[in-house]
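# Observations on the model geometry
Chain by chain, the residues:
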Amino acid sequence: MSALQENNLQPQVNLPQWQMLRFAPFTSAAVSSTCFADNPDFLQAEHGRYIYYLISATEFYRYDTWFNHFQKLASPPVALTTVSSMEFAGALGYEGNVLAAGASTLTVPAVFSASMRGFDVVIVSGTGAGQRRTITAVAEAVVHDSGIATAVSNTQGAISITDTLKAWIGNQYAGYSLRISGNSGVGQVRRILSNTPTIATLGDVTQVNKPWNNPAIFSPAISATAGTQSAYSIESQVLTVDSAWGVQPDATSVFRVQSGAVLLATSTASAPFYAFQSYDILTDTWYILQANTNMIAAAASDMSLERTTENASIWARGVATGGSTTTLIDGSRGVDVVAWKTNQWAGYWVHIFSGTGAGQIRQISSNTGTTLTWATAGTAPDATSRYMIIGFDAGTATAGASTTLTDSTKAWATNRWANYAVRILSGTGAGQVRAIASNTATTLTVIGGWAITPNATSVYVIQGDPSKTYLFLGGSSGVLIHNLESGTPTFGREQDFGIARNAAATVAGHNPVAIASLANTGTTGTTTTAQPHQFRVGDLVTQRGATDANFNVTGAAIASVPSATTFTYVMAGTPAATTITGAQSTTTLTDLTKNWTTNQWAGFTCYMNTAAPTGSNGAATGQVVRITSNTATTLTFVAVSTTPTNGVSRYSIAVSGAMGAADFGVATGTHSATTLQDTSKTWAVNIWAGKRLRILTTTGFSAETIIASNTANTLTFGSIIAPTNNVTGYVILEQPVKGVGMSANWAFGTTDVATRGRFIFVVRGGNTVGFDRFDLATDRVNIMPTFPQTETLSTGSMAAYDGQDRLYYHKDATRRINYLDVVTGRLANGGQFPYVDPTAVLGNRMEIFRTKDGLKFLWINRASFQECYRCLLFV
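An account of the accompanying structure is given in this report. Bear in mind the structure is a predicted one, so any value in this text is a computation, not a measurement.

### As for the packing of aromatic side chains
By the definition in use, this model includes 34 aromatic pairs. Summarising the aromatic geometry, the rings of Trp746 and Phe748 are spaced 5.5 Å apart at their centres and angled 50° between planes, so their arrangement reads as tilted. As far as burial versus exposure is concerned, Trp746 and Phe748 are alike and both buried. For the pair Phe748 and Tyr801, a centre-to-centre distance of 5.2 Å together with 85° between the ring planes defines the contact as edge-to-face.

### Some details on the pairing of strand S6 (residues 84–89)
With six of six residues buried, S6 is to be regarded as a mostly interior element. A two-sided burial pattern is seen for S6, the buried positions comprising Ser84, Met86 and Phe88 on one face and Ser85, Glu87 and Ala89 on the other.

### Describing the environment of Thr428
Note that Thr428 resides in the loop between strand S36 (421–426) and strand S37 (433–439). Along the primary structure Thr428 and Tyr801 are separated by 373 residues, whereas in three dimensions their C-alpha atoms are 37 Å apart. Aside from chain neighbours lying at most four places away, what touches Thr428 is Ile452, Thr453, Pro454, Asn455, Thr457 and Ser458.

### Remarks on the sheet that holds strand S42 (residues 488–490)
With antiparallel pairing, four strands are arranged side by side in an open sheet as S25-S40-S41-S42. Two strands in the sheet have a free side with no partner beyond their single neighbour: strand S25 (303–307) and S42. For this sheet, the mean angle separating the axes of adjacent strands, direction not counted, is 25°. For S25 and strand S40 (residues 468–473), the ladder comprises five bridges, and the chain directions are antiparallel. Bridging across to S40, Ser304 finds its partner in Phe472.

### Focus: the state of the cysteines
Inspection of the entire model under this criterion finds zero disulfides. Free cysteine: Cys871, not disulfide-bonded; nearest cysteine sulfur from Cys868 at 15 Å. With relative accessibility at 2%, the residue Cys871 sits in the buried group.

### Notes on the nonpolar core
Grouped together as the largest cluster of nonpolar side chains are 57 residues, with contacts concentrated most on Trp345, Leu372, Ile389, Phe472 and Ile760. Looking at this core element by element, the count peaks at five residues for strand S63 (residues 759–763). Not counting residues up to four positions away in its chain, the partners in contact with Phe472 are Asp302, Met303, Ser304, Glu306, Val479, Lys738, Met742, Ala744, Ile760, Val762 and Phe774. Core analysis: the next-biggest nonpolar cluster, separate from the first, contains 30 residues, Phe273, Ala291, Leu305 and Leu733 among them.

### Concerning unusual backbone geometry
The omega torsion of the bond from Ser219 to Pro220 falls at 5°, within 30 degrees of zero and hence cis. Cis geometry marks the peptide bond from Phe787 to Pro788; its omega dihedral reads -10°. For Asn183, which is not glycine, the phi torsion reads 65° and is therefore positive. Relative to the assigned elements, Asn183 resides in the loop between strand S15 (177–182) and strand S16 (189–191). At Asn767, a position not held by glycine, the phi torsion is positive, near 65°. The residue Asn767 is located in the loop between S63 and strand S64 (768–769) in this model. Judged by its relative accessible area of 49%, Asn767 falls in the partly exposed class.

Cut-off values and rules
Residues numbered from 1 in each chain as written. Predicted model: local features only at pLDDT ≥ 70, side-chain atom pairs only at ≥ 80, totals over all residues. Heavy atoms only, no water. Phe/Tyr/Trp six-rings, centres within 6.5 Å; stacked < 30°, edge-to-face > 60°. Buried < 20%, exposed > 50% of the residue type's maximum accessible area, 1.4 Å probe, protein only. Helix = DSSP H or I, 4+ residues; strand = E, 2+ residues; numbered from the N terminus. Contact = heavy atoms within 4.5 Å. Pairing = 2+ DSSP bridges. Axes fitted to C-alpha atoms, helices over the stretch in contact; angles between N-to-C directions. Disulfide = S-S within 2.5 Å. Core = buried A, V, L, I, M, F, W, Y, C linked by side-chain atoms within 4.5 Å.

If you want it as structure tokens, here you go:
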């Protein structure tokens, strides 16, 4: 087989050969887990190179597939107890507010020298939203100020440095980087969230402005002790991109360097019984995300995290070497990377995201090894044109409305794209990403509506929903959805989200901040926010929720920032009252940033936290309630245990069902600790016997139990807290309970185009036979029939998806590896690694990586040992 060609090895002639690789630094255990990129082609030099390996609570590494070597990384801040599960998210990464911009530059908070070079930077929101460029140069950091710590706080969620010699302007350096330049903690970097004249705040346990504002504490620790005082510098950095901006970003713009992140779910010994963390690869920094109590009643016996990423459906990318109005040539194919197969990309879509022709999208009609051809002429690409072959589907809209996007050229199957996401790549509304609620043959209906309505200039792509992660738990049937954008866990699909706000102040580029109180001296208004804000002098603020209209300004310039929670501005008149219209109560949650339709959320479920996370593990007191009605800004419930907190309580409005729900409803009638009646039902007797009942809205824990029997409207089950009329919401889950040795894998790249990206396949584990197939479009689940259907899987079983039709899995305490063809349901042998059988432990430590010339290797750790192996896949 020559270099840069497809793998032509033949079964029986060529047998799988296993190679022993560099031993891992430590022995694997139940808490060990690994992850690898969905799509290495997105950035082969980084995403396609490293397998991330969490060996223990203090030993986190990445294995370099190029050099057969392990490199140590920062350890996660939340300790591991029983089990962990990791996933790589390539479209996430280092993000923040743009500090300034030029025609082809961005000034951003500094990181580490030239470490951002080669990655894509995306303008997520604000001016210039939707643009993607590749970073070609990174200037040395600019030091704006420096000093010595005279006091420090290095407590999780309350990280700060005090320098009493300073006299900064309020929030002068909000958004900049603070680097420890000497003595204790040297070399570490954190983002400044806000500053007073003498204090720079670097961590926010409340996470109210963004879910990513709770970085791990400095380790080694910072110090204000004489002789070891931490020296610091405040820095920014200028990035140069490959081509000029179409719309130049400004200080309202939010950027993200798509350097990749690792998402980590771990079990914990006490409530909330799980923790959720994110590792930013570029800065070697961990962040603790919110985990609500009252979602899981006990620690899971096993767990598996899965996500639906943007990167999975970016099938190829590169830089053109030429082309015409109907072709794109990439001369590197067959030289630096594998050549394309003839007509491999026919029917796919190519998007030019930077350089000549930026913003164009065309459907490919044919291709050779180096050339893509399409029918509709456009701007001819040249050597500046960077492209991606992208999406499950794509195109240019022909119309749009407040909640829809129409493409009259399509003929989609009804609801084919439900629960996927649509991204506006360029044109009107660029940068917006919305989950899809449903679709007809030509129209997508989105969840939450558009901020800017698409039109016939809007270029779009359909992809996985990048905000969703799915946590499958051993010992239960329910699937917990962690919504990354809102930072809130739910069991049902999120429809809207926010924070309890009695009144709100908003500056472009920042999330709205809740107002605690208002005051004035004549026409000068003073706003006190419920949490530290990030606003600066000169920012234009819009304010809503005051009783007196004079306080409710639009685009007023901030005059001063006296403290981390106050700012002043000039009003048109002198107000007669300083009161706020909104309030929270045991039966209501108010968010003055909303403009809902009356009662659009009646019957939906609201998930919320009532207090700020504790910081040490992100745990926040949570409750789940049923919404009975709503106004434009207020949700009303039957009752809640604890009143929502202004400026703190994150909430998510979700459907009242759940993934895998065969039925759901609300308790009405007569109940006990072992029965629930729903007088609206007319079930067949015992139709639900053996299924799992999950209680969602209640005054106690979200419970899950086995249904023993049912009448036409009453379920009988094991003992739980007795349901409450019109309060207790429930779901009946159709999937069986998952056990030890389970794992979940999203089949995003199957050869069956009609179902590509639609299913998550779950190895059931628990010493049982079989796989469950979760349908993301319907949120239903079925037990997948396979042939043969004999072998059970338990502790020690692991799985890895090959990006196409095969889910490889390892049989617990053996060396045997098989695979499931996820399209046909056929099971087949996949090889057997050498040496002796492992000692089975929990955790998934098996990955499949692909080289730039198209070869696939299966990598595995021998459980309870340090040995690692790889095998070329070719059958």
